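# Structural characterization, general
What follows is each chain in one-letter form.
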Amino acid sequence: MLAWTASPSGRCNRVVPFDHAPATAREDPHTSPIDDSDKGHLGRNDQRGGAATATTTTSAESSPTGTAPQSSNIGGTTSTTYAAPTTPAERRASEEEEKEEEGKEEEEEDGEDTHYVSFEGDRSRVVVVDKKATFRRWLLGSAEADRRYKEVWAACQLTPITVLLGLVSFLATTVAYTCFVRDKRMFLIPGLAGVGNWYNMLTSRSPRMLRILATDFDVLFNIGNVALWAGCIGATFGWDERTAPAVLVIMMTSVMVLLSDASCSDFEFGTTRPIILLFTTSIFLSVIVLDQGGLFNDVENIVWVFNTHDGFHTTTVEAWEASNSTALTGSDGTITHHTYLRSVGNTRLLLYTLFLGSAAWASVYHPTECSILKNAARRSLSGGMEGLQLDAGSEATVDRLDDDDEVIAFMPAEGMIIPDGPKRSVLCFLLNGNHHMAKRINDVAEEHKGWGQIAMIIGLVVALVALTEVVPLNLTWLGILSFPDAARCLFKMNTQAVKLCISEPFDFLVPFVTLTVGLIGAMGSLEFHPGCCAFLASFGFIYVTNGLLFDADLTEQGIRGAASALPLYVITFIMFAWMYIMFVTGGYPSASSAHEFSFVFIRTHIRTSFLSIFTRFITTPLLFLAKFIFKKYRYGSDLTAVIKIRLIREVMPKRDLAAFLRSRDERRSSRRSALTSRRSAGRSSSHGGTIPRSAPPTHQVRD
């Protein structure tokens, strides 16, 4: 039921029936307050069975038609109404007002969250291990031998002794490298003294968790980094006795620190884990500074040289710089590459240190979560409701244990549910919250995205060919044609998901930083040619948006079309690998190793070519891209590449395991139910008090 009232300005105002009015309706400042005597009758049905309407009292001068109002008394309630506007001007004014109100309602609805995206770890593979089943028991072969071993170890207080010797050997080795030691056999003492520490750490690990960690990319990547550093530092020492503590103390202890999530010791995992991680991080930073600064005593700076004529050989920095061999391609067509061994080792050790620092940060702020073990999240619109399930090996372990035996359960932490809509996009953030404009721009960009993709393909292909100088080098400017499509992908991404991606210190920051440094090296080797710089910057932008930030595309089309990520990653990898090969083999004539820069760091005069920087750093983002491709192919397209869900570690008796898993499932279900209820309530409140658009308002007056 609708009625019309007059405002002081002479315009007609609709009176909304109470069955359509919002619960928190605001009073119209142009209407008179409702008389207290009539409040009790508002919202009741009159004696004729009609719905009551809100009425106001106005003077004859303010009526829409200029006539006196007509009053009627129904059920003891006085109602003052006017006829609907009859003049064309009044009708146009009321229609414009209705359109303006409907436009505001549509604009508000455009900014609402359209759906929710769930990020969860693999809940079908809860790993449960026997707390007593350590690597030590596996070595000794029986539980009785393991019990006697622990008694002897505890009686002799060997655990604190080995820990103290390990710390002293770590520090003593680092300090001794900076001193002149005449008899190099003295370095065997700290090398042997530190063996007991990492051996004790190894014996407390779970064999099954060691096998799981042995298949983790992050663990293997960082073990390779620290092993390469040990090889480089050993070569600079001439493989004398100083190599022993570098391998037996620093490298082996570093490997055991990476495997700390597999520890069955509550003391090591809970209390000393952050201390060990922070201590190891600080020691490695000191080693990098001392070595790169030239403070290590009696070392030989070695250069690795490779050319297509003589193959691979090594020489000293002094001999290499004296030969002035800086040309990438010789007069006879020989291609020569060189790299400084010390820089390679310290770069690898720096990547390991950054990973260790992020693990230390996580262990401090999330003490019950694993530092290394993480699950790639699975994105879904429905948020699958499957419960926690033990894998086959864990079920066999649980079946053979008694109720009083303690177990360690590894399961994914609580997942995340992220709302998505126009107001959550990156473009809306850049437009300072103008979600209506952001939605219009994103919709137009998606509608015409085919043109941007065609331009991107043409620009990249022409720019790659132009680098070979088969066509003019200035055509590399066409590489910026790839920017609009990459920007389209970035603008529609969810800001909260983007934050999750960039907050991953290892899976995002490491490839991003190494990609940036490598591309700067490529630009320098090309003498910072403007067109080449524009192309390389555009290519790096494509890698970041379509590779590292792909998980942040939470649109319904992006979630359902996640299978397109695999061919996109493959195409990017092929183009990246092709560009790398052409730089290394001299396929780009303008790329020269003669373009160098140098600086002094403490006591070391560092001189390197831009091309060497490119070849050294660009391999890391290539390796990460290969990891993304393998995971998408092996585990499914709905698996995220960068966003991770850490595993939590819980120790409990076997009898409590089933109740614990059930309680986590119930808590997860209650959270999802609460979210669904809030979402339904939000939709009801956002649409409450509005007149359905399918039933346009009528101007007929009804009592």
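Now for a description of the structure that goes with this document.

### A closer look at the side chain of Arg-664
Positionally, Arg-664 belongs in helix H25 (residues 657-687). In this structure Arg-664 touches Leu-388, Met-411, Pro-412, Ala-413, Glu-414 and Ile-648, once residues within four positions along its chain are discounted.

### Some details on the environment of Leu-519
With respect to the helices, strands and loops of the structure, Leu-519 is situated in helix H19 (residues 505-525). Since its relative accessible area comes to 6%, Leu-519 is described here as buried. Contacts of Leu-519, omitting those with residues within four sequence positions, involve Leu-536, Gly-540 and Ile-618.

### Here's the deal with helix H8 (residues 217-236)
Counted at 1.5 Å a residue, the expected span for H8 with its 20 residues is 28 Å, and the 29 Å between its end C-alpha atoms agrees. The distance from a side-chain oxygen at the start of H8 to the backbone nitrogen of Asp-218 is 3.1 Å, and the residue carrying that oxygen is Asp-216. Downstream of H8 by one or two residues, Gly-238 has phi in the positive range, about 75 degrees.

### Re the nonpolar core
Core analysis: the biggest nonpolar cluster contains 126 residues, and Met-579 and Phe-583 have the highest contact counts within it. The leading source of residues in this core is helix H20 (residues 530-548), at 9 residues.

### Some remarks on a nonpolar patch on the surface
A surface patch of nonpolar side chains, amounting to about 410 Å² of accessible area, comprises Trp-138, Leu-139, Leu-140 and Tyr-199. At 3 residues, the largest contribution of residues to the nonpolar patch is made by helix H2 (residues 135-140). Tracing the chain through its elements places Trp-138 in helix H2. In this structure Trp-138 comes out as exposed when scored by relative accessible area, which is 59%.

### Some details on unusual backbone geometry
Of note in this structure, Gln-157 is not a glycine but carries a positive phi near 55 degrees. Mapped onto the fold, Gln-157 is located in the loop between helix H3 (143-155) and helix H4 (158-177). The class of Gln-157 is partly exposed, set by a relative accessible area of 47%. Located in the positive-phi region is Asp-298, a residue other than glycine, with phi close to 55 degrees. With respect to the helices, strands and loops of the structure, Asp-298 is situated in the loop between helix H10 (266-292) and strand E7 (302-307). The partly exposed category is assigned to Asp-298, whose relative accessible area is 45%.

### Regarding the pairing of strand E10 (residues 369-380)
Most of E10 is tucked away: 10 of the 12 residues are buried. Pairing geometry for strand E5 (residues 115-120) and E10, over 3 bridges, is antiparallel. Bridge pairing in E10 links Phe-119 to Arg-379.

### Side note on the pairing of E7
Relative to strand E8 (residues 311-316), E7 is paired through 6 bridges, and the arrangement is antiparallel. Considered in E8, the bridge of Ile-302 is made with Thr-316.

### Describing the packing of H19 against helix H24 (residues 619-635)
Following both chains from N to C, one finds H19 and H24 inclined at 140 degrees, their axes separated by 8 Å at the closest point. With respect to their mutual orientation, H19 and H24 come out oblique. Across from Phe-506, Asp-507, Val-510, Pro-511, Thr-514 and Leu-515 in H19, the residues of H24 making contact are Thr-620, Pro-621, Phe-624, Lys-627 and Phe-628. For the contact of H19 with H24, a count of residues per class yields 7 nonpolar, 2 polar and 2 charged.

About the thresholds
Residues numbered from 1 in each chain as written. Predicted model: local features only at pLDDT ≥ 70, side-chain atom pairs only at ≥ 80, totals over all residues. Heavy atoms only, no water. Helix = DSSP H or I, 4+ residues; strand = E, 2+ residues; numbered from the N terminus. Contact = heavy atoms within 4.5 Å. Buried < 20%, exposed > 50% of the residue type's maximum accessible area, 1.4 Å probe, protein only. Expected span 1.5 Å × (residues − 1). Polar contact = N/O pair within 3.5 Å; in protein donor to acceptor, adjacent residues only side chain to side chain. Core = buried A, V, L, I, M, F, W, Y, C linked by side-chain atoms within 4.5 Å. Patch = residues over 30% accessible without salt bridge, like charges linked within 9 Å, V, L, I, M, F, W, Y side chains within 5 Å. Areas by Shrake-Rupley, 256 points an atom, 1.4 Å probe, with all protein chains shown as cover. Salt bridge = Lys/Arg side-chain N within 4 Å of Asp/Glu carboxyl O. Pairing = 2+ DSSP bridges. Axes fitted to C-alpha atoms, helices over the stretch in contact; angles between N-to-C directions. Parallel < 35°, antiparallel > 145°, perpendicular 65-115°, else oblique. Nonpolar A, V, L, I, M, F, W, Y, C, P; charged D, E, K, R; others polar.

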